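Close look at the chain arrangement
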Amino acid sequence: MVRSLQIACANVLPGEVFCDTLIIGLLDETLNSVEMARAYGNPLATLLSLMVRDQPECCQLAETTIIHNTADYGSKRIVIIGLGKKDKLTLDKIRELSAIAIRVAKKLKSRTVATAIYRNHHNLSDAAISIIQGAILGSYEFNNYKTDAKSNIIEKIILVGPDLPSDQEWLLTLNNAKVIADSVNFARDLTNHPSCYMNPSQMASIAQDIASQFGFEINVLDKGDMEKHKMYAMLAVAQGSTTPPKMITLKYIGNQQSNDLIAFVGKGITFDSGGISLKPSEKMGDMKGDMAGGAAVLAAMQAIGHLKPKVNILAIIPCTENMPSGHAFKPGDVICSMSGKTIEIISTDAEGRLLLADAVTYARKLGATRIIDLATLTGACVVALGNITSGLISNNDGWSKEILRASKQTGEKMWLLPSYDDYLNQIKSDIADLKNSGGRMAGTITAGVFIKQFVGDLPWVHIDIAGTSDIDKVSGYNVKGATGVGVRTLVQIAQNLSTNAC
Ligand code: BES
Ligand code: MN
Ligand code: ZN
């Protein structure tokens with residue numbers, strides 16, 4: 001549940017700050033005693049030096065050591081987190097290590113946690129952003145449905161160091177880092193909720209709350225509206241369920257002068273049973289998270305509402321369940337998409353690309369000039385890239401480079417897959433224009449190439465997050481369950497494009 005941490009800054013020596021736990025990161029390298037004394041002051045510098053002398057393993061990557069109070073410093077205890085070798089310490093590693101340390105502090109029932117920060121080879125505010133985000137993301141817990149949840153809640157995180165800035169710009173940087181991490185946790189919440197509490201209408205009502213809070217334009221199409229727009233690919237998926245579908249759009253105008261309108265399209269299948277092509281029952285419950293792309297788009301819009309980048313964004317989230325029933329669409333059916341292209345249904349479980357076909361057609365109709373779609377689209381992507389990297393398909397080098405650049409900045413790993421026209425043969429149908437499954441070979445690519453048939457000449461990038469949107473055990477700043485993947489990269493893209501406009 002999102003209960004956000006308070007962020008503060010203390011321009012003092014780490015030993016002087018009063019808190020429940022003080023986190024100190026130590027690099028795996030020979031200590032410079034002058035530097036240590038400057039960064040920590042005495043007696044802390046002496047204590048840390050003895051510690052490293054007697055137990056050098058404490059500096060190894062992700063190693064944690066607890067030192068209980070000796071009454072010589074303000075914190076009740078210290079958690080040492082090993083930072084490993086300096087040249088391997090990326091900003092994303094700092095984010096992970098901050099998460100690991102905060103979970104130790106949380107286990108120790110700390111309410112106020114301070115993290116010592118000093119100049120290393122990263123710029124101070126970049127390191128601070130990673131520390132704050134790691135702490136907020138790493139301490140996330142979802143226990144909305146537990147009646148006896150006994151979680152330890154960290155209330156405040158203090159960045160502490162002898163030479164921290166305290167100007168407005170620095171405080172704004174810290175607050176922006178918090179806004180983004182809170183939005184990732186918001187996406188995690190939406191995704192972790194079961195489908196009985198996160199159906200298309202509930203997604204629409206959350207979108208309405210965001211729109212009201214930030215003054216975004218909002219439009220929610222119901223079944224009748226979708227019929228008027230001839231969104232029959234989307235409607236085919238929806239027709240098996242008694243839960244009504246919604247096509248949600250939000251519009252944020254941050255740059256009146258520009259005609260550029262970036263569409264963020266997020267797959268919003270609130271439950272994917274597979275439909276008539278029913279999935280095996282084992283792990284079917286995980287398919288409550290088949291709206292993770294839609295959740296990431298909604299959460300990114302929330303962050304954008306706070307950060308106000310100078311760009312224009314159109315968010316489109318096609319939401320429906322995919323269910324088997326007497327009304328359900330069937331393998332062998334032919335449907336006519338909003339674009340006019342006809343599609344033969346091979347598998348009702350390849351439903352995501354059907355909604356996305358209509359959603360990107362709608363994006364074009366609403367004046368989008370570039371498109372990014374995010375979708376838990378294929379099991380094949382999980383096989384190819386595991387839960388580490390999201391798969392990209394694109395029709396435009398410049399646009400995919402922009403997305404990959406943002407992905408490198410945030411640490412959300414992404415990898416561009418090929419989308420040669422040769423793959424199109426796999427999804428040509430004998431009786432319609434296209435078929436919705438290209439078989440087992442290159443499943444992620446053929447799904448992407450399918451969507452590509454609907455984007456026309458607009459620059460487009462598809463991000464397959466089937467493998468990265470949830471994990472089954474805690475790792476770095478992700479905890480078991482939804483990861484909120486995509487939020488940070490979408491926000492980063494908006495911020496990057498905003499800077500370019502200035
Ligand atoms: N939502 C699934 C993809 C998925 C699989 C997401 C595993 C997360 C984890 C998607 O709708 C689906 O069922 N895809 C099929 C496509 C196939 C029938 C062409 C798949 O990947 O098996
Ligand atoms: Mn499916
Ligand atoms: Zn699906």
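Small disclaimer: the values here were computed from a predicted structure and weren't measured. (Residues numbered from 1 in each chain as written. Chains lettered and ligands numbered in written order. Predicted model: local features only at pLDDT ≥ 70, side-chain atom pairs only at ≥ 80, totals over all residues. Heavy atoms only, no water.)

Some thoughts on the coordination of the manganese ion (ligand 2)
The condition is simple: For Na, K and Ca the donor cut-off is 3.2 Å, and for all other metals it is 2.8 Å, counting N, O and S atoms only; because water is absent from this set, sites may look incomplete. Four donors are marked tetrahedral only if all angles between them lie between 85 and 135 degrees, whereas four are marked square planar and six octahedral if opposite donors are more than 155 degrees apart and the other angles lie between 65 and 115; the remainder are marked irregular. For the purposes of this entry, the term helix denotes a DSSP run of H or I that reaches at least four residues, the term strand denotes a run of E that reaches at least two, and both are numbered from the N terminus. Each residue is assigned to one of three classes by its accessible area relative to the maximum for its type, calculated with a 1.4 Å probe on protein chains only: buried under 20%, partly exposed between the two thresholds, exposed over 50%.
Coordination sphere of the manganese ion (ligand 2), protein contribution only: Asp272 (OD), Asp349 (O), Asp349 (OD) and Glu351 (OE), at 2.1 to 2.2 Å. In this structure, the manganese ion (ligand 2) is surrounded by six donor atoms whose angles at the metal cover 71 to 168°, and the resulting shape is irregular. Sequence positions of the donors to the manganese ion (ligand 2) reduce to the motif D-x76-D-x1-E. Separating the manganese ion (ligand 2) and the zinc ion (ligand 3) is a distance of 3.2 Å, and Asp272 donates to both of them. One end of the pair, Asp272, is in strand β10 (residues 268-272); the other, Asp349, is in the loop between β13 (342-344) and α10 (352-365), and 77 residues separate them in sequence. You can call Asp272 buried: its relative accessible area is 3%.

A word on the coordination of the zinc ion (ligand 3)
Of the protein atoms, only Lys267 (NZ), Asp272 (OD), Asp290 (OD) and Glu351 (OE) coordinate the zinc ion (ligand 3), at distances of 2.0 to 2.4 Å. Classification of the site at the zinc ion (ligand 3) rests on its six donor atoms, whose angles at the metal span 77 to 173°, yielding the label octahedral. We note that the donor set of the zinc ion (ligand 3) lies within a single chain, spaced as K-x4-D-x17-D-x60-E.

What to know about the domain arrangement of the chain
Stated formally: Domain start and stop points were drawn from an automatic or database domain assignment. Contacts are residue-level and defined by heavy atoms, with any inter-residue pair within 4.5 Å sufficient. Buried area counts how much accessible surface, traced with a 1.4 Å probe, disappears from two parts once they are put together, with both parts' losses summed. The salt bridge criterion pairs a side-chain nitrogen of Lys or Arg with a carboxyl oxygen of Asp or Glu, the two atoms within 4 Å. Throughout this description, a polar contact denotes any pair of N or O atoms lying within 3.5 Å of each other; where both atoms belong to protein, one of them has to be capable of donating a hydrogen while the other can accept it, and for residues adjacent in sequence the pair is counted only when both atoms sit in side chains. Residues are sorted three ways: Asp, Glu, Lys and Arg are charged, Ala, Val, Leu, Ile, Met, Phe, Trp, Tyr, Cys and Pro are nonpolar, and all the rest, Gly among them, are polar.
Here the domain parsing of the chain yields domain 1 (6-164) and domain 2 (185-501). Domain 1 and domain 2 are separated by 38 Å when their C-alpha centres are compared. On the domain 2 side, the residues contacting the 14 residues of domain 1 number 16 residues. Across the domain 1/domain 2 interface, buried area totals approximately 1,400 Å², and carbon plus sulfur atoms make up 58% of it. The interface formed by domain 1 and domain 2 includes zero salt bridges. At the boundary of domain 1 and domain 2, one finds eight residue pairs in polar contact (both at pLDDT 80 or more). Those elements giving two or more residues to the side of domain 1 that touches domain 2 turn out to be α3 (91-107) and α4 (124-138). Its residues assigned to classes, the side of domain 1 that touches domain 2 comprises six nonpolar, four polar and four charged.

Section: the state of the cysteines
Here is the rule: Criterion for a disulfide: a pair of cysteine sulfur atoms at a distance within 2.5 Å.
Within this structure, the stated rule accounts for zero disulfides. Left without a disulfide partner, Cys196 is nearest to the cysteine sulfur of Cys319, which lies 16 Å away.

A closer look at the pattern of salt bridges
Overall, the coordinates contain 18 salt bridges when judged by the stated rule. A salt bridge links Arg53 to Asp54, with the nearest nitrogen and oxygen atoms 3.1 Å apart. For the residue pair Arg53 and Asp54, the accessibility class agrees, reading exposed in each case. Residues participating in the shared-partner salt-bridge network are Lys267, Asp290 and Glu351.

Comments concerning the side chain of Gln302
Position of Gln302 relative to the elements: it lies in helix α9 (residues 292-307). When near neighbours in sequence (up to four residues on either side) are disregarded, Gln302 contacts Ser183, Phe186, Ile210 and Phe214.

Notes on the sheet that holds strand β5 (residues 112-116)
This is how the line gets drawn: At least two bridges found by DSSP between two strands is the condition for calling them paired. For helices, the fitted axis covers only the stretch in contact; all axes are lines through C-alpha atoms, and the angles between them, taken along N-to-C directions, range from 0 to 180 degrees.
Read across the open sheet, the six strands follow the order β1-β6-β5-β2-β4-β3; overall the sheet is mixed. In the strand order of this sheet, the two ends are held by β1 (6-10) and β3 (64-68), each with one partner. Taken pair by pair, the neighbouring strands of this sheet meet at an average axis angle of 25°, ignoring direction. Pairing of strand β2 (residues 21-27) with β5 involves three bridges; the strand directions are parallel. Bridging across to β5, Ile23 finds its partner in Thr115. Relative to β2, helix α2 (residues 44-54) is tilted by about 55°, and along the sheet it contacts β2, β3 and β4 (77-84).

As for the site of ligand 1
To keep things clear, this is the line we draw: When at least one non-hydrogen atom of a residue lies within 4 Å of a molecule or strand, that residue is treated as near it. Residue burial considers only the protein chains on display, and all accessible areas are found by Shrake-Rupley using a 1.4 Å probe.
Inspection of the region around ligand 1 gives 16 residues, with Lys279, Asp290, Asp349, Glu351 and Gly379 positioned closest. A distance of 2.8 Å separates an oxygen atom of ligand 1 from a polar side-chain atom of Lys279. Protein contact buries 75% of the 520 Å² of open area that ligand 1 shows by itself. By residue class, the composition of the shell around ligand 1 is four nonpolar, five polar and seven charged.

Examining helix α6 (residues 200-214)
Worth spelling out the cut-off: One less than the residue count of a helix, multiplied by 1.5 Å, gives the span that helix is expected to have. The directions considered for the arc run from the helix axis to the C-beta atoms.
Between the first and last C-alpha of α6 there are 21 Å, a value that for 15 residues agrees with the 21 Å anticipated at 1.5 Å per step. Of all the positions in α6, only Pro200, Met203, Ala204, Ile206, Ala207, Ile210, Ala211 and Phe214 are classed as buried. One side of α6 holds all its buried residues, which, seen down the axis, span an arc of 160°. Opposite the packed face of α6, turned more than 90 degrees from it, sit the exposed residues Asp209, Ser212 and Gln213. Its buried side turned inward, α6 meets α5 (168-192), β7 (217-221), β8 (246-253), β10, α9 and β11 (312-322). Its side-chain oxygen at 3.0 Å from the backbone nitrogen of Ser201, Asn199 defines the N-terminal cap of α6. Once α6 finishes, Gly215 follows within two positions and takes phi at roughly 70°, a positive value.

Re the pairing of strand β6 (residues 156-160)
With four of five residues buried, β6 lies mostly within the body of the structure. The pairing of β1 with β6 spans five bridges and is parallel. Paired with Ala10 across the bridge in β6 is Val160. Here β5 runs beside β6; their pairing, made up of five bridges, is parallel. When the sheet's bridge partners are listed, Thr115 is paired in β6 with Leu159.

Digging into the packing of aromatic side chains
Cut-off, in case you're wondering: Ring pairs shown here join Phe, Tyr and Trp side chains whose ring centres sit within 6.5 Å, with only the six-membered ring taken for Trp; geometry is labelled stacked below 30 degrees between planes, edge-to-face above 60, and tilted in between.
Inspection of every chain in the model, using the stated rule, returns six aromatic pairs. Arranged with centres 5.9 Å apart and planes meeting at 75°, the rings of Tyr40 and Tyr118 form a pair that is edge-to-face. In this pair, Tyr40 sits in helix α1 (residues 33-40) while Tyr118 sits in the loop between β5 and α4, placing the two residues 78 residues apart along the sequence. Taken as a pair, Tyr40 and Tyr118 share a single burial class, namely buried. Seen in terms of ring centroids, Phe450 and Phe454 are 5.4 Å apart; in terms of plane orientation they differ by 40°. Their pairing is tilted. Taken as a pair, Phe450 and Phe454 share a single burial class, namely buried.

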